[in-house]
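# Architecture at a glance
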Amino acid sequence: MRTRKLGYADLHLTTVGLGTWAIGGPWQWGWGPQDDAESIQAIPRGLDLGINWIDTAAAYGVGHAEEVVGQAIAGRRDDLIIATKCGLVWDEGSADVYGRLTAESVRAECEASLKRLNVDVIDLYQIHWPHDEEHLEEAWSTIADLIQEGKVRYAGVSNFGVQQIKRVQAIHPVASLQPPYSMLECAVEGELLPYCAANDIGVVAYSPMQNGLLTGKYTEERIASLPDDDWRKESPHFTEPACNATFVLLDGLRPIAERNGKTLAQLAIAWVLRRPEVTSAIVGARRPSQIEGTAPAGDWVLSAEDVAEIDALLAQRCQALS
């Protein structure tokens, strides 16, 4: 699989990264029940397919996703780059998370993540959300200290705006930004992508398939049958009027994917990767078959004709929703 350099960092990521949000199991932003055995099979399968990095977070399943990753990568630590996150914490016995970015908390979270992952160093440590803005600089300074101590290699941010990036950038270089980016969530193209390009900050995009909706595998009936503890039931993308507009979009995208011998999921990922500012697209997998179906997108370069046709379809969707 192709690789791209992550901003100024000495990390070369495959254009598809393996995401672990959904494998955390039940929590505030969970995806319904998950079989740990399938999760543990999916991760090494992704590595076998050429993926060289995993993105996780302490908050996913309130620690459970990191534990699963730790089990799955046993004996293969040297084969991959590990990215995780801090800044979302929870109270004992609760599945609800909230923002906290004090120095004490960030340091304790890092130690806990190292233990759950069973590794000596985290390659990319990211602030998950800038919710606790009062302590933003304090958290970033602590991560810089952790780098000096050898517990973290590079520092990144997730869900930050340009002004928030500038605040921490004055303290220590920002290696990467992790924003939501898909055909349905493309605000990042306005200011963030150009800023990252100008400042040698890598971009690792999450939810390129818009939480599965752009795979074409969801119908109204399937959405209605999502478990009550699947956060997507309340997502604006999975409800009307946006959902029906997306079904119309998928009808237009399907012939583009088919004439290239690809799937809709692969098309959605390749579309995100068309931007040179994007280092990698994070692709979730709850079972081996899912990553087998999406990993090939990492080597697909869309033609100018395909991009133009997609842009026209996206414009039609936007007009229908206006």
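Since we're looking at a predicted model, the values are computed, not measured.

### Description of the overall build of the protein chain
Helix and strand counts for the protein chain stand at eleven helices and twelve strands. Here the C-alpha atoms of the protein chain give a radius of gyration of 19 Å, agreeing with the 20 Å that 2.2 N^0.38 yields for 322 residues. A principal-axis box enclosing the C-alpha atoms of the protein chain has dimensions of 50 × 40 × 40 Å. The buried share of the protein chain, taken over its 322 residues, is 57%. By sequence separation, contacts in the protein chain at least 24 residues apart represent 76% of the contacts at least 6 residues apart. One way to put it: in the protein chain the 27 positive side-chain charges average out to a point 4 Å from where the 45 negative ones average out.

### A look at the packing of aromatic side chains
Under the criterion given, the structure shown has nine aromatic pairs. On the numbers, 5.3 Å between centres and 85° between planes, the contact of tryptophan 21 with tryptophan 31 is edge-to-face. Pair noted here: tryptophan 21 is in the loop between strand E3 (16-19) and helix H1 (36-48) and tryptophan 31 is in the loop between E3 and H1, with a separation of ten residues, a long-range link. Exposure class is identical for tryptophan 21 and tryptophan 31. Each is buried. On the basis of an interplanar angle of 50° and a centroid distance of 6.2 Å, the ring pair of tryptophan 27 and tyrosine 60 is categorised as tilted. Separated by 33 residues along the polypeptide, tryptophan 27 in the loop between E3 and H1 and tyrosine 60 in the loop between strand E4 (53-55) and helix H2 (64-72) bring together distant segments of the chain. Tyrosine 60 matches tryptophan 27 in its accessibility class, with the two residues each being buried. Members of the aromatic cluster, joined through ring pairs, are Trp21, Trp27, Trp29, Trp31, Tyr60 and Trp231. When the ring centre of tyrosine 218 is taken as origin, the NZ or CZ atom of arginine 222, which lies over that ring, is 4.1 Å away. For arginine 274, the ring lying beneath its charged end belongs to tryptophan 271, and the centroid distance is 3.8 Å.

### Concerning unusual backbone geometry
Cis peptide bonds are those with omega within 30 degrees of zero, and the linkage from glutamate 240 to proline 241 qualifies with 10°. You can see proline 241 is positioned in the loop between helix H7 (220-224) and helix H8 (242-259). Phi angles above zero are rare outside glycine, and asparagine 159 is one such case at about 60°. Within the element layout of this structure, asparagine 159 appears in the loop between strand E9 (152-158) and helix H5 (162-169). Residue classification places asparagine 159 among the buried residues on the basis of a relative accessible area of 14%. One non-glycine residue, serine 207, lies in the positive phi region at around 55°. Structurally, serine 207 is set in the loop between strand E11 (202-205) and H7. Judged by its relative accessible area of 15%, serine 207 is buried.

### Description of the environment of alanine 268
Tracing the sequence through the fold places alanine 268 in helix H9 (residues 264-273). Residue alanine 268 is classed as buried on the basis of its relative accessible area of 2%. Put simply, alanine 268 and threonine 215 are 53 residues apart on the chain and 7.7 Å apart in space, counted from C-alpha to C-alpha. When near neighbours in sequence (up to four residues on either side) are disregarded, alanine 268 contacts Met183, Pro208, Met209 and Leu214.

### Re the sheet that holds strand E5 (residues 81-86)
One closed barrel holds the eight strands; their spatial order is E3-E4-E5-E8-E9-E10-E11-E12, and the pairing between them is parallel. Averaged over all adjacent pairs, the angle separating strand axes in this sheet is 30°, with direction ignored. As paired elements, E5 and strand E8 (residues 122-127) share four bridges and run parallel to each other. Paired with alanine 83 across the strands is leucine 124, a residue of E8.

### Comments concerning the packing of H1 against H2
Taken N-terminus to C-terminus, the directions of H1 and H2 make an angle of 55°; their axes are 9 Å apart at the nearest point. Taken together, H1 and H2 sit at an angle that is classed as oblique. Our pair here, H1 against H2, has a crossing hand that is right-handed. In this structure, H1 contributes Asp36, Ser39, Ile40, Ile43 and Pro44 to the contact, and H2 contributes His64, Val68, Val69, Gln71 and Ala72. Residue composition of the contact of H1 with H2, grouped by class: six nonpolar, three polar and one charged.

### Section: the environment of leucine 192
With respect to the helices, strands and loops of the structure, leucine 192 is situated in helix H6 (residues 192-198). For leucine 192, a relative accessible area of 15% corresponds to the buried category. Distance from leucine 192 to glycine 161, taken between C-alpha atoms, is 7.1 Å for residues 31 residues apart in sequence.

### Structural notes on the pattern of salt bridges
In the structure shown here, the tally under the stated rule is 20 salt bridges. Linking glutamate 137 and arginine 167 is a salt bridge whose minimum nitrogen-to-oxygen distance equals 2.7 Å. You can see glutamate 137 sitting in helix H4 (residues 136-148) and its partner arginine 167 sitting in helix H5, a full 30 residues away along the chain. Exposure remark for arginine 167: the relative accessible area of 30% places this residue in the partly exposed category. Taking the shortest distance from any N to any O, the salt bridge between arginine 259 and aspartate 306 comes out at 2.8 Å. Of this pair, arginine 259 sits in helix H8 while aspartate 306 is found in helix H11 (residues 304-321), placing the two residues 47 residues apart along the sequence.

Parameters at a glance
- Residues numbered from 1 in each chain as written.
- Predicted model: local features only at pLDDT ≥ 70, side-chain atom pairs only at ≥ 80, totals over all residues.
- Heavy atoms only, no water.
- Helix = DSSP H or I, 4+ residues; strand = E, 2+ residues; numbered from the N terminus.
- Rg over C-alpha atoms; globule rule 2.2 N^0.38 Å.
- Buried < 20%, exposed > 50% of the residue type's maximum accessible area, 1.4 Å probe, protein only.
- Contact = heavy atoms within 4.5 Å.
- Lys, Arg positive; Asp, Glu negative; His and termini not counted.
- Charge placed at Lys NZ, Arg CZ, Asp CG, Glu CD.
- Phe/Tyr/Trp six-rings, centres within 6.5 Å; stacked < 30°, edge-to-face > 60°.
- Lys NZ or Arg CZ within 6 Å of the ring centre and 35° of its normal.
- Pairing = 2+ DSSP bridges.
- Axes fitted to C-alpha atoms, helices over the stretch in contact; angles between N-to-C directions.
- Parallel < 35°, antiparallel > 145°, perpendicular 65-115°, else oblique.
- Left-handed = near helix turned anticlockwise from the far one by under 90°.
- Nonpolar A, V, L, I, M, F, W, Y, C, P; charged D, E, K, R; others polar.
- Salt bridge = Lys/Arg side-chain N within 4 Å of Asp/Glu carboxyl O.

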